[in-house]
Amino acid sequence: MKTSMTRRTFLKSSLAATGLTIAVSVSPFGYRLLNASQSKEALKGFKPNIWYEIAPNNAVTVFIGSSEMGQGTHTALATIIADELDADWKQIKVRQGPAAKEYHNPLLGEQLTVASAAVRGFYDPCRKAAAAGRSMLVKAAAASWGVPESECDATKGTVIHKKSSRKSTYGQLCLAAAKLEIPKEPALKKEGDFRYIGKPMARVDIPAKVKGTAVYGLDVSVPGMHYAVLARPPAYGAKPVSKNEKAALNVKGVVKVVETPMGLAVCAKSLDAAWNGRKALDVKWDKGALPQMDNAFIEKTMMAELDKPGSKAGENGDAKKALEGAAKKVKSTYFVPYVAHTLMEPINCTAFVRKDQCDVWAPTQGQTGAQMLASEVSGLPPEKVNIHTTYMGCGLGRRAAPDFVVEAVIASKATGKPVKVVWTREEDIKYDFFRSATCQRIEAGLDGQGQLTGWSHKAVAGSILTPINPKAIENGVDIMSLWGLMDFPGSPDGNRILYEIPNFYLEFLISELPVPVAPWRSVQNGPNAFVTESFIDELAHAAGKDPLEFRLPLLKESKGAQRVLKVAAEKAGWGKPLPKGQGRGIAQHHCFGTDVAAVAEVSVNEKDGHVKVNRVVVAVDCGLAVNPLNVEGQIQGGVINALSTVLKEEVIFANGGVKSANFEDYDVLRMSEVPDIEVHIVKGNDKMGGIGEPGVPPTAPAVANAFFNATGIRIRRIPLTSKVVLEALKKA
Amino acid sequence: MISLNVNGKEYQADVPADASLLWVLRDHLKLTGTKFGCGIGQCGSCTIHVDGKAERSCGMTVDQVKGKKITTIEGLAEDNPVKRAWIKEQVVQCGYCQPGIIMQVAALVSQKPTPSADQIISKMDDVICRCGTYPRIKKGIKTAVQMARKEGK
């Protein structure tokens, strides 16, 4: 995929009238369509998000700003345009757009591929833009034949006049169509007439990825390129006390040692030289901010923070009073550890800063942030900074942070050369921004009939917003850390606990621990749903009710959640007996506009403490599924990531820094540990939801609930390693 | 100067004998289809064929492959059943780990007689796909085995 298209090329090629180009500009107030061969005046100030171009050679090229990190966005957006345009799928080519204001996501307000927002954000505008083009092509054909438009049909890239058996391809019609006025309200196809939407379309990016020719960030090569690697502090807050710069510079190929906020960058002509130079530099560091920090310290600190006063994040009714009057009370404390992203492509970035231009080749989910920071560091205005988005070896939220862009731009500016910054796997894990650990306590009350009367909830977690948008933290409440527990203003989705709890209180405290945190597939919905869905299960047990039967009456207003729970339960054979040592658990969660429920079946080996997940049945309601094959793949991927966290993953800390270094001591789920994962797509919701992340949250609690079902023991601290399980069995 | 036979072509690279095969392939020969994932043979992203056998290139020096035939993902035939099965079953998401996984599966599928899909699947615990494409990888392996048997490859 070429990545060099810029807004300037858009304007230039459009004005040259090389074909029919339709662009769509979306803002929070609606959208505008534009025929690019209109006058120069119309183009001024017009900021397209997505555009497509029909050329006389019959090619239809779609330009997309969202990043492709494996989630299938490029294929889905091209599918929507191809279908509504009535193009032939074979005509379609996709190109990655540049970093520019033109590409801001209407749901997010900046060019950022996160929050499972790409397809649902652009669905309507893409359809309108394509419908406009189709109507213009039909009009051009009808005029050329002197027949009424109503007698002409568009199909698979051709306009046909049946009566006279005449036909013209879009390529033949595009120049004439470009001269026409763009319709303001083009008619859309009926959903029943969709040719590609809702079908299992083959992904456009797969052939190059199978050939080995797809270019990821680490594959970028620029003439004269140098390499940089950083010597980074071994503990949080550690400062260098000594270094041997002379020895580093004596290594053949090393050209410079540059200070950066993240550490000392050794720049060299080859990667080997940079690594050898870093070794020779031999930086010694002080002990850092919190040398006593290890995992036990972290857990103890967070538990203690749970008893400190926090900020009120949500309230309805009077939880305190309800708890006082409850016939039965349940109180539990949960802990979820820090987990790493471990993207298969370690973090990297290439930059070339010159006097009047800065180019950045980045596997980034956040072009706007990358451009802003590259502009600040290079001293060039944003319009002189070109962000070339490459393919990404997975994203999971980590690549929305711009730290690697800053490193590459500093190194290039200091050396005057194009520089690729390369992280090893060890750096990728040690200097990750983790999914935050969280410690939470809930106390709830039931009345004499086992009905939920009140819920008081206290949560401690790291702050995701502090490093990226501290102004958004109001009264100590970080909404991203509480995602899944409370609604927040400005979000198009419901983000609260869906259960209709009559008296509810939520309190939050930002943890003081110095561990950097960031979104990790589904942000904190994952750990937060583990807590709430485990606790609901505890309440069901306390009320003497079946976990499914306990949940449903608490979800009267949430039809989507009801639907997915019922479908997952039915498909999984909920209620059917299982052999001894096995158990079945259920959980649901709503996030990014999508409802997902999961039923997990596990076997527990009480001798060695091994937990095996045998089967996961998922029901998902994301409204219209643009590509059901991709929905299945994304949900399975989310389930697997979550299984990995519930069974295996935990970052190990020591001496105030990260001890985990590679897959030897930070292992993730492997093939033989992956169960059968059935995905059932339920179409009920009117509004389209996201699909990249919602598979994560219900999975971990479904497994923990299944463990309880198998053993009668509640696990409130993950991962469920053999050690944790054996200890729990011993205690019971 | 080191000579390397890669994908049927002779290359010369000005690197020391103990240079990492992975990085020589990537940075000197510009064959970037072979990926760097962990550097310690734990993830399988860098898997190539050395005389037809799957090997982790991150743990090998150029000296170790002197006179041997190396195949990378770029050199694996387009009609190889594994490549075709990967497209047919739409295995790939981000795709970064897939060249290595494809190379590992291709080496196993090409054994005579062709192993069963389950035998191959049982040998895949030493690769990592963080997107979680494992269910499709299993499907891909089954399809590739069927194709290979049918076509006698």
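Residues numbered from 1 in each chain as written. Chains lettered and ligands numbered in written order. Predicted model: local features only at pLDDT ≥ 70, side-chain atom pairs only at ≥ 80, totals over all residues.

Undergrad: Help me get a handle on the overall build of chain A, residues and values and all.
TA: When its secondary structure is counted, chain A shows 20 helices and 28 strands. Expected size for 732 residues packed as a compact globule is a radius of gyration near 27 Å; at 27 Å, chain A falls within 12% of this value. With the C-alpha coordinates of chain A rotated into their principal frame, the extents come out at 85 × 70 × 45 Å. Burial status across chain A gives 56% buried among its 732 residues. The contacts in chain A between residues at least 6 apart in sequence include a share of 77% that link residues at least 24 apart. (Helix = DSSP H or I, 4+ residues; strand = E, 2+ residues; numbered from the N terminus. Rg over C-alpha atoms; globule rule 2.2 N^0.38 Å. Buried ≥ 20, exposed ≤ 12 C-beta atoms within 10 Å, placed from the backbone. Contact = placed C-beta atoms within 7 Å.)

Undergrad: Report on the interface of chain B and chain A, specifying residues and quantitative values.
TA: In this complex, chain B contributes 41 residues to the contact, which on the side of chain A involves 43 residues. Counted by class, the side of chain B that touches chain A contains 21 nonpolar, 13 polar and 7 charged residues. (Nonpolar A, V, L, I, M, F, W, Y, C, P; charged D, E, K, R; others polar.)

Undergrad: With reference to specific residues and values, describe the sheet that holds strand β22 (residues 504-510) of chain A.
TA: Working definition: the strands of a sheet are paired by backbone hydrogen bonds and lie parallel or antiparallel to each other. Residue and element names in this part refer to chain A. Strand order across the open sheet formed by 5 strands is β14-β22-β21-β20-β15, with mixed pairing between neighbours. One side of each edge strand has no neighbouring strand; the edge strands of this open sheet are β14 (311-316) and β15 (328-336). Each adjacent strand pair in this sheet contributes to an overall mean axis angle of 10°, direction not counted. With 5 bridges joining them, β14 and β22 adopt antiparallel strand pairing. When the bridges of β22 are listed, K312 appears paired with E507. Against the sheet, helix α9 (residues 295-305) touches β15, β20 (438-446), β21 (452-461) and β22, its axis set at about 40° to β20. Against the sheet, helix α15 (residues 525-543) engages β15, β20 and β21, with an angle of about 150° to β15. (Pairing = 2+ DSSP bridges. Axes fitted to C-alpha atoms, helices over the stretch in contact; angles between N-to-C directions.)

Undergrad: An account of the environment of K35 of chain B is requested, with residue identities and associated values reported.
TA: All names here are of chain B. Looking at the element boundaries, K35 is found in the loop between α1 (21-28) and β3 (47-50). Sequence separation between K35 and V105 is 70 residues; the distance between their C-alpha atoms is 16 Å. Filtering out sequence-adjacent residues up to four positions away, K35 remains in contact with S45, C46, Y96, P99 and G100.

Undergrad: Describe the sheet that holds strand β2 (residues 9-13) of chain B, naming the residues involved and giving the relevant values.
TA: Residues and elements named next belong to chain B. Read across the open sheet, the 5 strands follow the order β2-β1-β5-β3-β4; overall the sheet is mixed. Pairing within the sheet leaves two strands with one partner each, and these edge strands are β2 and β4 (53-56). Strand-to-strand twist across the sheet, computed as the mean angle between neighbouring axes with direction ignored, equals 40°. Along the sheet face, helix α3 (residues 98-109) touches β3 and β4 and points at about 35° away from the line of β3.

Undergrad: Would you mind going over helix α11 (residues 367-378) of chain A in detail, with residue names and values included?
TA: Residues and elements named next belong to chain A. With 12 residues, α11 extends 16 Å between its outermost C-alpha atoms, agreeing within 8% with the 16 Å of an ideal straight helix rising 1.5 Å per residue. On its buried face, α11 is in contact with β16 (348-353), β17 (358-362), β18 (385-389) and α12 (403-415). Phi turns positive one or two residues past the end of α11, at G379, with a value near 80°. (Expected span 1.5 Å × (residues − 1).)

Undergrad: Would you mind going over the nonpolar core in detail, with residue names and values included?
TA: In this structure, V266, V360, A568 and V618 of chain A are the most contacted members of the largest nonpolar core, which totals 277 residues. In terms of residue count, the dominant contributor to this core is helix α4 (residues 118-145) of chain A (13 residues). (Core = buried A, V, L, I, M, F, W, Y, C linked by C-beta atoms within 7 Å.)

Undergrad: I'd love a proper account of the domain arrangement of chain B, names of residues and values included.
TA: Residue and element names in this part refer to chain B. By the assigned domains, chain B splits into domain 1 (2-75) and domain 2 (81-151). Each partner contributes residues to the interface: domain 1 has 15 residues there, and domain 2 has 13 residues. At the level of secondary structure, the elements contributing two or more residues to the side of domain 1 that touches domain 2 comprise β3 and β4. Top contributing element to the side of domain 1 that touches domain 2 by residue count: β3, with 3 residues. Split by residue class, the side of domain 1 that touches domain 2 holds 5 nonpolar, 8 polar and 2 charged. (Domains from an automatic or database assignment.)

Undergrad: How would you explain the packing of α15 of chain A against helix α19 (residues 699-711) of chain A if you had to name every residue and give the values?
TA: Residue and element names in this part refer to chain A. The interhelical angle for the contact between α15 and α19, taken along N-to-C directions, is 30°, at an axis separation of 8 Å. Comparing their axes, α19 and α15 come out roughly parallel. Seen along the crossing, α15 lies across α19 with a hand that is right-handed. Contacts from G526, A529, F530, E533, S534 and D537 of α15 reach α19 at A700, P701, A704, N705 and F708. Here the residues of the contact of α15 with α19 are counted per class, giving 6 nonpolar, 3 polar and 2 charged. (Parallel < 35°, antiparallel > 145°, perpendicular 65-115°, else oblique. Left-handed = near helix turned anticlockwise from the far one by under 90°.)

Undergrad: Lay out the pairing of β21 of chain A in plain terms, naming residues and giving numbers.
TA: A regular strand carries its side chains on alternate faces of the sheet. All names here are of chain A. Of all 10 residues that make up β21, 10 are buried, and the element is covered over most of its length. Counted along the chain from β20 to the antiparallel partner β21, the turn is 5 residues long, and its residue G450 has a positive phi close to 80°. Pairing geometry for β21 and β22, over 7 bridges, is parallel. Residue V460 lies in a different strand from β22, and its bridge partner there is L509.

Undergrad: Quick one: what's the story with the confidence of the model for chain A, residue by residue and with numbers?
TA: Overall, the prediction assigns chain A a mean pLDDT of 92, with 92% of residues at 70 or greater. Across residues 1-8 of chain A, confidence stays below pLDDT 50; counting only partners more than four residues off in sequence or on other chains, it has 18 contacts. (pLDDT = per-residue confidence, 0-100.)

Undergrad: Summarise the environment of K112 of chain B; cite the residues concerned and give the values.
TA: Considering the arrangement of structural elements, one finds K112 of chain B in the loop between α3 and α4 (117-121). Through-space distance from the C-alpha of K112 of chain B to that of G152 of chain B is 9.8 Å; in sequence the pair is 40 residues apart.

Undergrad: Please set out the packing of helix α3 (residues 73-85) of chain A against α4 of chain A residue by residue, giving values where relevant.
TA: What describes two packed helices is the angle between their axes and the distance between those same axes. Residues and elements named next belong to chain A. Where α3 meets α4, the closest approach of the two axes is 7 Å, and the angle between their N-to-C directions is 30°. By the angle class used here, α3 and α4 are roughly parallel. In this structure, α3 crosses over α4, and the sense of that crossing is right-handed. Within the contact between the two elements, α3 uses T73, A76, L77, I80, I81, E84 and L85 and α4 uses A118, V119, F122, Y123, C126, R127, A130, A131, G133 and R134. Taken together, the residues of the contact of α3 with α4 sort by class into 12 nonpolar, 2 polar and 3 charged.

Undergrad: Give me the lowdown on the environment of P207 of chain A, citing residues and values where you can.
TA: One can find P207 of chain A in helix α6 (residues 206-211). In the structure, P207 of chain A is positioned 25 residues away from I182 of chain A in sequence and 35 Å away in space, judged by C-alpha atoms.

Undergrad: Report on unusual backbone geometry, specifying residues and quantitative values.
TA: At the junction of I718 of chain A and P719 of chain A, the peptide bond is cis and its omega measures out at 5° in the coordinates. Within the secondary structure, P719 of chain A is located in the loop between α19 and α20 (722-731). Even without being a glycine, S522 of chain A presents a positive backbone phi close to 85°. Positionally, S522 of chain A belongs in the loop between β22 and α15. Even without a glycine there, the phi angle at Q90 of chain B is positive, about 50°. Here Q90 of chain B is to be found in the loop between α2 (81-88) and α3. Given 23 C-beta atoms within a 10 Å radius, Q90 of chain B is considered buried.

Undergrad: How would you summarise α12 of chain A if you had to cite specific residues and measurements?
TA: Residues and elements named next belong to chain A. Under the 1.5 Å per step criterion, the end-to-end length of α12 is 19 Å for 13 residues, consistent within 8% with the ideal 18 Å. In terms of burial, α12 is largely enclosed, as 10 of its 13 residues are buried. Looking at α12, one finds that the buried residues are F404, V405, V406, E407, A408, V409, I410, A411, S412 and K413. G416 occupies a position one or two residues after α12 and carries a positive phi of about 75°.

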